[in-house]
Amino acid sequence: MIAELAELGFNGLAYGIVLFFMACGLSITMGLMGFANLAHGATAMLGGYVLVVAMRDLGLPFLASLPAAFAVAAIAGALFEMTICRRLHAAGELDQVLLTIGVVFMAIASATFGFGAGQQAIVMPGYLTGRVAFGPIEVSAYRLFLLALGAAITIGLVTALERSRLGVRIRAAVDNRAMTTACGIDVGRLFTVVFALGSGLGGLGGALSVNLVGLDPSFPLKYLVFIMIVVTVGGFGSMTGTLVAALLLGLADVACKYFLPEAGAFAIFAVTAVVLYWRPQGLFGRLA
Amino acid sequence: MTLAISMAEPRSRIAARGRWRWPETVFWLALAACYVIFPGHLQLLAQVMIAGLFALSLDLLLGFCGIASMGHAAFFGIGAYAAARLALAGWSEPLTGLVFAGAVAGLCGFACSFLIGRLRSIALLMVTMAIGLLLHEAANRLTWLTGGDDGLSGYDVAPVLGLFRFDLYGRTAFLYCLGVGFLVFLALRRFVHSPFGLGLEALRENERRVPALGIAVQRQVAVVFTLSAVVAGIAGGLLAQVTQSVALEVLSFERSAGVLIMLVLGGAGHLYGALIGAAVFIVARDVLSGLDPVYWYFWLGLILAAVVLIGRGGLLGLARRLPGRFR
Amino acid sequence: MTAVLATRDLRRSFGALEVTAGVDLALLPGARHALIGPNGAGKSTLINLLTGALRPSAGRVVLAGQDVTDLPVAARVARGLSRTFQINTLFPRLTPLEAVLVAVCRRTGALARPLRRLAGCTAEIDEAHDLVARFGLEAVCDRPTGELAYGQQRLLEIALALAARPRVLLLDEPAAGVPARESAILMSAIAGLPRDVAVLFIEHDMELVFRFAERITVLVAGRILREGTPDEIAGDPEVRRVYLGEDDE
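Residues numbered from 1 in each chain as written. Chains lettered and ligands numbered in written order. Predicted model: local features only at pLDDT ≥ 70, side-chain atom pairs only at ≥ 80, totals over all residues. Heavy atoms only, no water.

Thoughts on the overall build of chain C
Threshold: Labels follow the DSSP assignment, with helices taken as runs of H or I lasting at least four residues and strands as runs of E lasting at least two, numbered in each case from the N terminus. This radius of gyration counts C-alpha atoms alone. The globule rule is 2.2 Å times how many residues there are, raised to the power 0.38. Each residue's exposure class comes from its accessible area (1.4 Å probe, protein chains only) as a fraction of the maximum for that residue type: buried when under 20%, exposed when over 50%, partly exposed otherwise. Here, two residues are considered to be in contact whenever any of their heavy atoms come within 4.5 Å of each other. Counted as positive: Lys and Arg. Counted as negative: Asp and Glu. His and the chain ends are not counted at all. Positions of charges follow a simple convention, taking NZ of Lys, CZ of Arg, CG of Asp or CD of Glu.
Helix and strand counts for chain C come out as nine helices and 11 strands. The C-alpha radius of gyration of chain C comes to 18 Å, within 12% of the 18 Å expected for a compact globule of 249 residues. For chain C, buried positions account for 55% of its 249 residues. Counted over contacts in chain C with a minimum sequence separation of 6, partners at least 24 positions apart contribute 65%. One way to put it: in chain C the 29 positive side-chain charges average out to a point 7 Å from where the 31 negative ones average out.

Examining the interface of chain C and chain B
Keep this limit in mind: Take the accessible area each of two parts loses on contact, using a 1.4 Å probe, and add the two losses: that sum is the buried area. We define a salt bridge as a side-chain nitrogen of Lys or Arg found within 4 Å of a carboxyl oxygen belonging to Asp or Glu. Under the rule applied, a polar contact is a pair of N or O atoms within 3.5 Å (in protein, one hydrogen donor and one hydrogen acceptor; residues adjacent in sequence only if both atoms are side-chain atoms). Basically, the charged four are Asp, Glu, Lys and Arg, the nonpolar ten are Ala, Val, Leu, Ile, Met, Phe, Trp, Tyr, Cys and Pro, and anything else, Gly included, counts as polar.
Tallying the contact residues gives 38 residues for chain C and 30 residues for chain B. Taking both sides of the interface into account, the surface hidden between chain C and chain B amounts to around 3,200 Å²; carbon and sulfur atoms contribute 66%. On the chain C side of the interface with chain B, the three residues burying the most area are C:Phe91, C:Leu111 and C:Leu118, jointly 19% of the side's total. For the salt bridge of B:Arg209 with C:Glu157, the shortest nitrogen-to-oxygen distance reads 3.0 Å. At the junction of chain C with chain B, the criterion picks out eight residue pairs in polar contact (both at pLDDT 80 or more). Per element, the largest residue contribution to the side of chain C that touches chain B is seven residues, and it comes from helix H3 (residues 96-108) of chain C. Its residues assigned to classes, the side of chain C that touches chain B shows 24 nonpolar, three polar and 11 charged.

Description of the state of the cysteines
All names here are of chain B. Put simply, the rule reads: Pairs of cysteine sulfur atoms within 2.5 Å are identified as disulfides in what follows.
Overall, the coordinates contain zero disulfides over all chains when judged by the stated rule. In this model Cys112 remains outside any disulfide bridge; the closest cysteine sulfur is found in Cys108, 6.8 Å from its own. As a non-bridged cysteine, Cys177 has Cys34 as the owner of its nearest cysteine sulfur, 13 Å distant.

A word on the interface of chain B and chain A
Listed per partner, the contact involves 38 residues of chain B and 42 residues of chain A. Summed over both sides, the interface of chain B with chain A buries roughly 3,400 Å², with 83% coming from carbon and sulfur. The interface formed by chain B and chain A holds zero residue pairs in polar contact (both at pLDDT 80 or more) in total. With 13 residues, helix H6 (residues 121-141) of chain B is the single largest residue contributor to the side of chain B that touches chain A.

Focus: helix H12 (residues 272-291) of chain B
Note the following rule: What a helix should span is 1.5 Å times the count of its residues minus one.
Here H12(B) spans 29 Å end to end across 20 residues, near enough to the 28 Å set by a 1.5 Å rise per residue. What H12(B) keeps buried is the set B:Tyr272, B:Gly273, B:Ala274, B:Leu275, B:Gly277, B:Ala278, B:Phe281, B:Ile282, B:Ala284 and B:Leu288.

Let's talk about the environment of A:Ala36
Relative to the elements of secondary structure, A:Ala36 occurs in the loop between helix H1 (2-33) and helix H2 (40-57). In sequence terms A:Ala36 and A:Thr181 are 145 residues apart; their C-alpha atoms lie 21 Å from each other. When sequence neighbours within four positions are dropped, the list of residues in contact with A:Ala36 reads A:Met30, A:Gln96, A:Val97, A:Thr100 and B:Ile122.

A few points about the nonpolar core
In plain terms, the rule: In plain words, nonpolar cores are sets of buried Ala, Val, Leu, Ile, Met, Phe, Trp, Tyr and Cys residues tied together by side-chain atoms within 4.5 Å.
Counting residues in hydrophobic clusters, the biggest one holds 265 residues, and the most contacted among them are A:Phe62, A:Leu208 and C:Val100. It is helix H3 (residues 42-65) of chain B that contributes the most residues to this core, 18 residues altogether. Not counting chain neighbours up to four residues away, the residues in contact with A:Leu208 comprise A:Val18, A:Phe21, A:Phe62, A:Leu66, A:Tyr142, A:Phe145, A:Leu146 and A:Leu149. With 24 residues, the next largest nonpolar core counts C:Ala31, C:Leu50, C:Leu63 and C:Val68 among its residues.

Re the sheet that holds strand S11 (residues 223-228) of chain C
Residue and element names in this part refer to chain C. Worth spelling out the cut-off: For two strands to be treated as a pair, DSSP must find no fewer than two bridges joining them. Each axis is a line fitted through C-alpha atoms, taken for helices only over the stretch in contact, and angles between the N-to-C directions span 0 to 180 degrees.
An order of S7-S8-S9-S4-S10-S11 is seen for the six strands of this open sheet, with the pairing classed as mixed. Edge positions in the sheet fall to strand S7 (81-83) and S11, since each of these pairs with one other strand and no more. Mean inter-strand twist for the sheet, computed between neighbouring axes without regard to direction, equals 20°. Sheet analysis places strand S4 (residues 32-36) next to strand S10 (residues 215-220), joined by four bridges and oriented parallel. When the sheet's bridge partners are listed, Ile36 is paired in S10 with Val218.

Here we look at the pattern of salt bridges
A complete count under the given rule lists 26 salt bridges over all chains for this structure. Across the pair B:Arg13 and C:Asp142 runs a salt bridge whose closest N-O atoms are separated by 3.5 Å. Taken together, the positions of B:Arg13 in helix H1 (residues 2-17) and C:Asp142 in the loop between helix H4 (122-134) and helix H5 (150-162) put the pair across two chains. Given the relative accessible area of 45%, C:Asp142 is considered partly exposed. Notably, a salt bridge pairs C:Glu127 with C:Arg165, separated by 3.4 Å at the nearest N-O pair. Remark: C:Arg165 occurs in the loop between H5 and strand S8 (168-172) and C:Glu127 occurs in helix H4; sequence separation between them is 38 residues. For C:Arg165, a relative accessible area of 53% gives the class exposed. A cluster of three or more residues bridged by salt bridges with shared partners is formed by B:Arg17, B:Glu201, B:Arg204, B:Glu205, C:Arg93 and C:Glu98.

A few points about the packing of helix H5 (residues 94-116) of chain B against helix H10 (residues 217-243) of chain B
Residue and element names in this part refer to chain B. Condition: It is the rotation of the near helix from the far one that decides the hand of a crossing: anticlockwise by less than a right angle makes it left-handed, clockwise makes it right-handed.
Contact geometry of H5 with H10 gives a least axis separation of 6 Å together with a crossing angle of 145°. The chirality of how H5 crosses H10 is right-handed. For the contact of H5 with H10, the class distribution of residues is 15 nonpolar, 10 polar and no charged.

With respect to the packing of H2(A) against helix H4 (residues 93-115) of chain A
Residue and element names in this part refer to chain A. Keep this limit in mind: With respect to orientation, any angle under 35 degrees is reported as roughly parallel, any angle over 145 as roughly antiparallel, any angle of 65 to 115 as roughly perpendicular, and every other angle as oblique.
Contact geometry for H2 and H4: axes closest at 11 Å, N-to-C directions at 15°. Classified by the angle their axes make, H2 and H4 are roughly parallel. With respect to the hand of their crossing, H2 and H4 are arranged in left-handed fashion. The residues of H4 that touch H2, namely those facing Ala42, Met45, Tyr49, Val53 and Arg56, are Ala107, Ile108, Ala111 and Phe115. In terms of residue class, the contact of H2 with H4 is built from eight nonpolar, no polar and one charged.

Description of the confidence of the model for chain C
As a reminder of what qualifies: Residue-level confidence of the predictor is what pLDDT reports, using numbers from 0 through 100.
Taken as a whole, chain C shows an average pLDDT of 86; of its residues, 97% reach a score of 70 or greater. Per the prediction output, this complex has pTM 0.85; the corresponding ipTM is 0.85.

Regarding the pairing of strand S1 (residues 5-14) of chain C
Residues and elements named next belong to chain C. In this structure, S1 lies alongside strand S3 (residues 26-27), joined through two bridges in antiparallel fashion. Paired with Ala6 across the strands is Ala26, a residue of S3. Here S1 runs beside strand S5 (residues 58-63); their pairing, made up of five bridges, is antiparallel. The partner of Arg11 across the bridge, within S5, is Ala58. Linking S1 back to strand S2 (residues 17-23) in an antiparallel pair, the connection comprises two residues, with Gly15 at a positive phi of about 65°.

Printed below as a string of structure tokens:
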């Protein structure tokens, strides 16, 4: 029983980490510019397909395909930001939402065109397929890998945000955009960089999720909801909030599927509605 | 004399807001004329009316109050299931069925309005989306009520007013939808041109300022959200009656997004924009997915992007800008 | 004469900072009362406490003998407490006539009737038009508010507040940012406010304060430093030191 619970918790955390990758870029861009980018799920899907192509068609090893997924998604994000998003910064949320939903629909159609409607299969390297035992508790090696990678990248991100010049600028701009601009920092360019990084992380999350939840053209819509829940519940622009919300959602989802299989995603949506009723600004957000 | 003029002028200015104009008569006559002009497409035209009614319900929220919903299919679906359930229970009279559908959806809308009234901008979009998905998920699970994936079918719908039987060609379906659509439209038109409707426009323009006029925003939101849900429920009920089946798709996110697209495509805040957008959307879907159903999504996305990037104010906005001021 | 608006030991803290530290304020019917104080004295917070935009940490707000401390903004307006805003917050796409009409319809109860025709509310339309005309906005009453000049928007602010027929009117810096050529009409509008309405205005413009106020309250660091007639305040050495002295900068 204990071992089972421990594994459930473990799986939930691993899933939460993937959600965190997919959501954290979006959270920062929303906090920074208030840009409602629902196409973030499509970026994640792009990362997933890059991984599939790199491993299956180009024969690259898994660990080399991950940076490729990051890079392609980041470049796509930067291009999208420079050509289209930029024109909508001043527009209302609804225009942003509509446009990015349009991008999602086009991405779904394009993925169907390129890869068919079915699930994509990849062959994972041997060291990530087995199970690892810690005393009585036995967990999948891939999830252990996810957790380790997740911890490493999260620590890296947090340190970078705390220490680096870029991080300082980002935090300043999230806090007070007008003041940051007045200090001579080009927030527009900063935003492009952040958008690209966020898209890259999203792509990485998408790539990592292929072996966890699968990949098909409906991915952007299916995970859009979870990503948005994480971002809204966590509070826009809050790293900690996003991480906590992602881990909670991951745990809740796994627990839900295990203990209340009939309820499905129902419980999660219900909890989200309650949390937002209680704190419309999210768990870690500030009232505007 | 001058006094009489200065008193009459503001009255006529305000009255001009709600005056019936001749293009409106032309619009409805043209719609009715479709019965004769396109006898082979009456089923599709009935779909246009249903979608138009659904888009009207969203226009009430978005166009007149500035409340955007990404999960409006929830109320459409509730209406559809309510109408189908009533018919399955043996009550096949269609008009009372619509009233039932609208009432059930309205009750759910009223309940939701308490959550909606507290939320703004992105959180509002997310929560309405979550409500939509919640219902979709619930309907998927509650098979005893909704038939799950299989949906509901195999019920009879009695002739409209006891006279007009539903036929294969969609003649009754079209006229029924047109009639219901026109009546609901008139009611909504009256509603938005009431003092309450003007108050809603104030809410849309500046929601923070409205309480300082002494208006309780929560009450406004409750009324309008309930009414919008009623209209969406009637539209769903119409679909359930006309097609004599309900599929899980009535609650889908695609339908919520679709109705938003129709409204934005036609232009929000004019009522007619909702109808025009719905017509263009449904016909485009028919044509484009006739070419290749898989890539309908691509066209859908492209339309959306085009509307946002090029066509501000939708088709009605475009039509107004082109020939100067046409009023 | 009993006060139409009174506060009793009103307090509000933000974290450890007490921005309103025990304010007792009384406004008599028909008063022309100015609230002055240096920046950061807590004037805006006090206004927000009075109107209900903020809840006090302690203390009561009494409007016409009724405790309204727990009532939201809209309910206080309905009971006769209106305000204008420091920065224009109007309805950009409504015309002045429409905006005032909304406020009038709220007061008469027409707004609560979705089944009535707007065109049929002739009494309300006439009243709204009267108000708009009284503030010199007749020529622009058919234009979207967003297109109006700044001074005209300030006037509309006051017209909107008056449409509720308040007992108490709070004017939050009515003259701020109004260019000189538009300020004359604003001044006469303020001078012409109905005598039965108690007016509390927060203002930095000392000329305006000493022209209209019959009583002045000086707020410093969340507390009332002095209250008295304009002459008393102008002659008070401490007020001069704390407040008027800073005005030279």
